[in-house]
Amino acid sequence: MLSIICESFHNLHTFQIREMRGDEFPEAASFLSMLEKLESLCLDSAIYIDDETFVLLIKSCSKLKDLSLVYCNLLTDEGISQLPIFCRGLKRFSLLLALKITDKGFDHLSKLSLLESLTLNITKLTDTNVEKILLGCQNLFFLDLSTSKYVSFQTLITAYDLMEKGLVNKQLVIKYRTKEIEIKALESREKIHTKYAKRDYERSTSSEDLENSINGDDDSDSQYADLWCLFLTDE
């Protein structure tokens, strides 16, 4: 079916793939390369995408401006490091449930200088990563960190400081937990601390129950992701 679509509709700009087996990706990348005008690609179930297939995919779709990946828990630092090399024109990137990417991998996203919108949820992203991304992606106006456990209110303080220095987009909005926060509307570092530090502490304390409910190292990622997502959205 994919081959028929790609061969018949060369002028497609947007393509969404809901589900695909792991052994289909190499061939799929070849077919997608036929779509010379493809600018937006969404993979709703990227569970079988590992580093090798990811690189093959982005090589085939180098003109992408919008890329969305859901449930790509085989993707590691090695794969994500290639994104700025093959998709330099990316303006919107969404990554949901990618727990094998570390600080080293996320730092490469700071090289996507044209990014305007970035969503990183149910990942191991940290405040340090976010600061590097904000400094490298100064066109960024929307950053969704709503279910990023390891990001704290310190990211809001960092964004506030960078805006004061004129180093981030003046229209920057960060979705933190369940709130969309306009950074230029924040009044001071002290008020950010007062408003969000206690809330973060309460969430951190409560999250110990989630950690204790998950046993084992190798099989815990999907359980952890499901539980943490529910936890964050429970106001």
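For the structure itself, consult the block above.
A. Fine view of the overall build of the protein chain. The number of helices and strands found in the protein chain is 11 helices and 8 strands. For the protein chain, the proportion of its 235 residues judged to be buried stands at 49%. Looking at the protein chain alone, contacts between residues at least 24 apart form 72% of all its contacts between residues at least 6 apart.

B. Expanded view of the pairing of strand β3 (residues 66-70). Where strand β2 (residues 40-43) lies against β3, 4 bridges are found, and the strand directions are parallel. Each bridged residue has a counterpart across the sheet, and for Cys42 the counterpart in β3 is Ser68. Crossover β2 to β3 through helix α3 (residues 51-60) is right-handed. As defined by bridge partners, β3 adjoins strand β4 (residues 92-98) across 5 bridges and the pair is classed as parallel.

C. Expanded view of the sheet that holds strand β8 (residues 179-182). The sheet built from 8 strands is open, its strands ordered β1-β2-β3-β4-β5-β6-β7-β8 with mixed pairing. Looking at strand neighbours, the two that pair on one side only are β1 (14-17) and β8, the edges of this open sheet. Sheet twist, expressed as the mean angle between neighbouring strand axes with direction ignored, is 10°. Of the strands in this sheet, β6 (142-145), β7 (173-176) and β8 touch helix α8 (residues 154-164), which is tilted by about 175° from β7.

D. Highlighting the side chain of Asp127. When you line up the elements, Asp127 lands in helix α7 (residues 127-136). An unpaired buried charge is present at Asp127: no salt bridge exists, and Arg177, the closest side chain of opposite charge, is 7.9 Å distant. Leaving out residues up to four positions away in the same chain, Asp127 has contacts with Tyr150, Val151, Ser152, Gln154 and Thr155.

E. Here's a closer look at the nonpolar core. In terms of nonpolar packing, the biggest core is built from 58 residues, with Leu41, Leu67, Leu83 and Phe93 touching the most fellow members. Sorting elements by how many residues they give to this core places α8 first, with 6 residues.

F. Region of interest: the pattern of salt bridges. Under the counting rule described, the total for this entry stands at 6 salt bridges. The shortest N-O distance in the salt bridge between Glu39 and Lys65 comes to 3.9 Å. Taken as a pair, Glu39 in the loop between α2 (25-32) and β2 and Lys65 in the loop between α3 and β3 lie far apart in primary sequence, 26 residues in all. With relative accessibility at 30%, the residue Glu39 sits in the partly exposed group.

G. Structural context of unusual backbone geometry. In the Ramachandran plot, Tyr71 falls in the positive-phi region, its phi being about 65° despite a non-glycine side chain. Within the secondary structure, Tyr71 sits in the loop between β3 and α4 (77-80). With phi around 55°, Ile122 is a residue other than glycine that occupies positive phi space. By the secondary structure assignment, Ile122 is in strand β5 (residues 117-123). Overall, the relative accessible area of 6% leaves Ile122 in the buried class.

Parameters at a glance
- Residues numbered from 1 in each chain as written.
- Predicted model: local features only at pLDDT ≥ 70, side-chain atom pairs only at ≥ 80, totals over all residues.
- Heavy atoms only, no water.
- Helix = DSSP H or I, 4+ residues; strand = E, 2+ residues; numbered from the N terminus.
- Buried < 20%, exposed > 50% of the residue type's maximum accessible area, 1.4 Å probe, protein only.
- Contact = heavy atoms within 4.5 Å.
- Pairing = 2+ DSSP bridges.
- Right-handed = clockwise from strand over helix to strand, strands pointing away.
- Axes fitted to C-alpha atoms, helices over the stretch in contact; angles between N-to-C directions.
- Lys, Arg positive; Asp, Glu negative; His and termini not counted.
- Salt bridge = Lys/Arg side-chain N within 4 Å of Asp/Glu carboxyl O.
- Core = buried A, V, L, I, M, F, W, Y, C linked by side-chain atoms within 4.5 Å.

Function cannot be inferred from these measures alone, as they are strictly geometric.
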